[in-house]
Amino acid sequence: QVQLVESGGGLVQPGASLRLSCATSGATLDYHATGWFRQAPGKERDGISCINRSDGTTYYADAVKGRFTISRDDAKKTVYLQMNNLTPADTAVYYCAADPDLYCSGDGLSKDDFHAWGQGTQVTVSS
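Numbers given for residues are sequential positions, taken from 1 along each chain in its written order. Confidence filtering applies because this is a predicted model: local features only for residues at pLDDT of at least 70, side-chain atom pairs given and counted only at 80 or more, and all residues used for totals across whole chains, interfaces and linings. Water and hydrogen atoms were dropped before computing side-chain values, which therefore reflect all heavy atoms in the structure.

Q: Any chance you could explain the sheet that holds strand β7 (residues 68-73) here in plain terms?
A: Paired through their backbone hydrogen bonds, the strands of a sheet run either parallel or antiparallel. Reading across the sheet, the four strands line up as β1-β3-β8-β7 and stay open at both edges, with antiparallel pairing between neighbours. Edge positions in the open sheet fall to β1 (2-7) and β7, since each of these has one partner strand only. Adjacent strand axes in the sheet meet at a mean angle of 15 degrees when their direction is disregarded. Pairing between two strands requires that DSSP report at least two bridges joining them. We count a stretch as a helix when DSSP gives it H or I for four or more residues in a row; a strand needs E for two or more, and each element gets its number in order from the N terminus. With six bridges joining them, β7 and strand β8 (residues 78-83) adopt antiparallel strand pairing. Each residue of the ladder has a partner; that of Thr69, found in β8, is Gln82. Angles run from 0 to 180 degrees between N-to-C directions of axes, and those axes are lines fitted to C-alpha atoms, restricted for helices to the stretch in contact.

Put into structure tokens, the structure is as follows:
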């Protein structure tokens, strides 16, 4: 069983940057895809980015493409989400998730495809 812990959220002004971290522990070698989701109040939890362990390929939702970058540091067992040029529309609780079998692709992300979840970290973008 893998454990996921997010950190790095906070309150920032529009145009600012944040880097979220997802620290993993436990049976991490069994988990292939790691993704980031976000959920704004009253809205569904949406998948925004994902990275595959086997080849490092990545996926981004249109809403964040060109502004967010996902990466991984296997030595630190951590997946990062660099978020640039943040807007109020990015305000949400951000979750990382992992799955042993999923291969992230351009078909999008569904929360039902991920087996393990972190507790979430709040990101608020406001002037």
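Q: Could you clarify how one ought to interpret the state of the cysteines in this entry?
A: One covalent bond between the sulfur atoms of two cysteine residues makes up a disulfide. By definition, disulfides here are pairs of cysteine sulfur atoms that lie within 2.5 Å. Using the criterion set out here, one finds two disulfides in the structure. Residue Cys50 pairs covalently with Cys104 via a disulfide, S to S 1.6 Å. One end of the pair, Cys50, is in strand β5 (residues 45-52); the other, Cys104, is in the loop between β9 (92-99) and β10 (116-117), with 54 residues separating them in the sequence. For the residue pair Cys50 and Cys104, the accessibility class agrees, reading buried in each case. Should the bonded cysteines of the protein be numbered as they appear in the sequence, the pairing reads 1-3, 2-4. Remark: exposure states derive from per-residue accessible area (1.4 Å probe, protein chains only) relative to the maximum for the residue type, with buried under 20%, exposed over 50%, and partly exposed in between.

Q: Would you explain the pairing of strand β4 (residues 33-39) in this entry?
A: The side chains of a regular strand alternate, residue by residue, between the two faces of the sheet. Within β4, six of the seven residues are buried, which leaves it mostly tucked inside the rest of the structure. As judged from the seven bridges shared by β4 and β5, these two strands associate in the antiparallel manner. Bridging from a neighbouring strand, Thr34 pairs with Ile51 of β5. With antiparallel pairing between neighbouring strands as the criterion, β4 and β5 make up a hairpin whose turn holds five residues, including Gly42 at a positive phi of roughly 75 degrees. Here β4 runs beside β9; their pairing, made up of seven bridges, is antiparallel. The residue bridging Trp36 from the neighbouring strand is Cys96, located in β9.

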